[in-house]
Amino acid sequence: MLAAMICKVCMHATMALDLPTLMIVSVLLSLGIAVGFSLILLLLPRERVLQLWTSSLWLLALALAVVSAQIWLPVRWTVVVSNTCMALANALLIHGVAIHVGAKRQLRLLALGVGGYVLTISWFALVRPDFDVRLHVFSLASIACDGWIVFLLLRCPALDIRRSCRLAALAFAFHGALYLCQLTCLPVQADAAGSIRHGGMAVAGFYVILLLLILAKCFAMLLLIVERLMAGLRRMARLDGLTGLLNHHTVLGDGRLLLEQARRRRCPVTVLLCDLDHFKLINDTWGHQAGDRVLKHVAGLIEDVLAGGGHLASRYGGEEFLLVLLDCDVGQALAVAERLRRRIGGGPASWPGASIQVTTSIGVSLADTDSTFEQIIARADAALYCSKREGRNRASISGRGPA
Ligand SMILES: Nc1nc2c(ncn2[C@@H]2O[C@H](COP(=O)(O)OP(=O)(O)OP(=O)(O)O)[C@@H](O)[C@H]2O)c(=O)[nH]1
């Protein structure tokens, strides 16, 4: 009974859907989507990908409007103009996806594709008019664009935007698959002169599903932008804006987690608290911006020394850095502290007209079995104080004094 009802509805839709109606629906829909994207662009005017996709959607709306105007304009020229707009729209879409996933931009290949497509369509519209060939070329080009986009989305290296990339790839893959079906399974096509009814329910169904998939693609594009913005916000909330290391709040949370996991696996954890020596003097001598430069320089050295190994590196306060070393006993931690101290003391930060020398004092504290993370940091702080008291530019171990 349900199947009969669905059949009835489809039959009704088929009878109601002739090509001009469908074209008007498509134009209105694409205009609505383009306006929607433009409104979002007003909120995010610097979003390069959104700029490209919004332009692409306006071009798509223009292409459909030109096709709808075939009743009043010379058909051949409307075919050329609408297909040119469509090709440019797809090029902007692909370019935006490439930027979104951080892939290499292939502007030359895109320009070649657009040029080749427009020339082929123009040939079969102006020189040797042939509707069937044009339709096949259009379908093949759509499949190629969707395939290109799916390829880019699935190869996206960033973990934090991978979910939306996969969902969007699905929408584009369905869109491409629909054109593949059209190319291989639909013998009778609707054209400007005819109506969808000539093609029967299959052709009407194709156009209805096509509209739905275009909507799905647009939602997928929004999803891509939303997830990337959210990932950016999450990153900003976790990191220190100046150095790019973890910030105070994040290292406390991540450190507690790391400590719990390490205790379960019975592997040692050590905390290093580093404080730059006489940093106020650097600010007073060279200015605050030079001080910032030194902080970035030191952060780079810390990242270098701790590369790999699952350790945490953070900017704990103004000129204080807290490091949490996983799977490191006191001896290994001290070796890391010494390496870091020598790297920082051995290579001055470059600043216009000067190179600024800085040293660091370090406190080292091993996590025992029952202290909280905060208590371990407090012990590292006491050891750091010991290093400062003993003359700076040295590392001290909690409870043992200078190494
Ligand atoms: N440029 C810059 N300076 C900062 C920043 N955060 C804190 N500071 C400065 O860091 C300096 C820290 O000074 P103090 O706490 O006296 O420490 P110190 O001069 O390093 O002396 P010791 O630690 O005893 O060796 C202050 O002058 C702060 O203004 C920052 O983000 N950028």
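Residues numbered from 1 in each chain as written. Predicted model: local features only at pLDDT ≥ 70, side-chain atom pairs only at ≥ 80, totals over all residues. Heavy atoms only, no water.

Let's talk about the domain arrangement of the protein chain
Reports often express the size of an interface as the amount of accessible area lost when the parts come together.
1) Next: In terms of domains, the protein chain is made up of domain 1 (2-237) and domain 2 (248-402).
2) Next: Taking only C-alpha atoms, the centre of domain 1 and the centre of domain 2 are 53 Å apart. (Domains from an automatic or database assignment.)

A few points about the side chain of Glu47
1) Next: Among the structural elements, Glu47 can be located in the loop between helix H2 (19-43) and helix H3 (48-68).
2) Next: What Glu47 contacts, discounting residues up to four positions off in sequence, is Leu41, Arg228 and Leu229. (Helix = DSSP H or I, 4+ residues; strand = E, 2+ residues; numbered from the N terminus. Contact = heavy atoms within 4.5 Å.)

Things to note about the site of the ligand
1) Next: The environment of the ligand is formed by 16 residues, the closest being His278, Phe279, Asn283, Asp292 and Arg315.
2) Next: Backbone polar atom of Leu276 to an oxygen atom of the ligand: 3.1 Å apart, as the coordinates give it.
3) Next: One of the backbone nitrogen or oxygen atoms of Lys280 is found 2.9 Å away from an oxygen atom of the ligand.
4) Next: In the complex, the protein chains occlude 67% of the 670 Å² of accessible area that the ligand would expose alone.
5) Next: At the level of elements, strand E1 (269-276), helix H10 (279-286) and helix H11 (288-306) are the ones that each hand at least two residues to the shell around the ligand.
6) Next: With four residues, the top contributor of residues to the shell around the ligand is H11.
7) Next: Residue classes in the shell around the ligand are distributed as three nonpolar, five polar and eight charged. (Near = heavy atom within 4 Å. Polar contact = N/O pair within 3.5 Å; in protein donor to acceptor, adjacent residues only side chain to side chain. Areas by Shrake-Rupley, 256 points an atom, 1.4 Å probe, with all protein chains shown as cover. Nonpolar A, V, L, I, M, F, W, Y, C, P; charged D, E, K, R; others polar.)

A few points about the nonpolar core
1) Next: By size, the foremost hydrophobic cluster in this structure holds 52 residues, and its most contacted members are Trp53, Leu57 and Leu153.
2) Next: Secondary-structure elements contributing two or more residues to this core are H2, H3, helix H4 (75-101), helix H5 (107-127), helix H6 (131-154), helix H7 (162-185) and helix H8 (200-238).
3) Next: By residue number, the principal contributor to this core is H4, which donates 13 residues.
4) Next: The residues touching Leu57, leaving out its near neighbours within four places in the chain, are Ile33, Ala34, Phe37, Cys218 and Met221.
5) Next: Core analysis: the next-biggest nonpolar cluster, separate from the first, contains 34 residues, Cys274, Ile356, Val358 and Ile397 among them. (Core = buried A, V, L, I, M, F, W, Y, C linked by side-chain atoms within 4.5 Å. Buried < 20%, exposed > 50% of the residue type's maximum accessible area, 1.4 Å probe, protein only.)

So, the packing of H6 against H7
1) Next: In the contact formed by H6 and H7, the axes pass within 8 Å of each other and the chain directions differ by 160°. Taken together, the axes of H6 and H7 are roughly antiparallel relative to one another. Crossing of H6 over H7 shows left-handed handedness. Side by side, H6 and H7 meet where Leu135, His136, Phe138, Ser139, Leu140, Ser142, Ile143, Asp146, Ile149, Val150, Leu153 and Leu154 of the first sit next to Cys165, Arg166, Ala168, Ala169, Phe172, Ala173, His175, Gly176, Tyr179, Leu180, Gln182 and Leu183 of the second. (Axes fitted to C-alpha atoms, helices over the stretch in contact; angles between N-to-C directions. Parallel < 35°, antiparallel > 145°, perpendicular 65-115°, else oblique. Left-handed = near helix turned anticlockwise from the far one by under 90°.)

Looking at the pattern of salt bridges
1) Next: Per the counting criterion, the structure on display carries 13 salt bridges.
2) Next: The partner of Asp254 in a salt bridge is Arg238, with the nearest N and O atoms 2.7 Å apart. Of the two residues, Asp254 sits in helix H9 (residues 248-264) while Arg238 sits in helix H8, which places them 16 residues apart along the sequence.
3) Next: The exposure class assigned to Arg238 is partly exposed, which follows from its relative accessible area of 36%.
4) Next: Residues joined by salt bridges that share partners form a network here, namely Asp275, Asp277 and Lys388. (Salt bridge = Lys/Arg side-chain N within 4 Å of Asp/Glu carboxyl O.)

Looking at the UniProt feature "transmembrane region" (unreviewed entry) in the protein chain
1) Next: Mapped onto this numbering, the UniProt entry annotates "transmembrane region" (unreviewed entry) at residues 21-44, 56-73, 79-102, 109-127, 133-155, 167-190 and 202-226.
2) Next: Helix makes up 96% of residues 133-155 and strand 0%. Its end C-alpha atoms lie 33 Å apart.
3) Next: Regarding residues 202-226, the helix share stands at 100% and the strand share at 0%, and the terminal C-alpha atoms are separated by 36 Å. (UniProt positions renumbered as here; feature names shortened; annotations may be inferred.)

Here we look at the confidence of the model for the protein chain
1) Next: Within the protein chain, residue pLDDT values average 90, and 90% of them lie at 70 or more.
2) Next: The weakest mean pLDDT in the protein chain belongs to helix H1 (residues 2-16) at 59; the strongest belongs to strand E2 (residues 312-315) at 98.
3) Next: The low-confidence segment residues 192-197 (pLDDT under 50) makes 17 contacts with residues lying over four places distant or belonging to another chain.
4) Next: We note a pTM of 0.77 for the whole complex and an ipTM of 0.97 for its interfaces. (pLDDT = per-residue confidence, 0-100.)

A word on the pairing of strand E6 (residues 360-366)
1) Next: In terms of burial, E6 is largely enclosed, as six of its seven residues are buried.
2) Next: In this structure, E1 lies alongside E6, joined through seven bridges in antiparallel fashion. Bridge pairing in E6 places Asp275 opposite Ser361.
3) Next: Judged from the three bridges that link them, E6 and strand E7 (residues 395-397) form a sheet pairing that is parallel. By the bridge assignment for E7, Val364 is matched with Ile397.
4) Next: Assessed by its sense of winding, the connection that carries the chain from E6 through helix H13 (residues 373-389) to E7 is left-handed. (Pairing = 2+ DSSP bridges. Right-handed = clockwise from strand over helix to strand, strands pointing away.)

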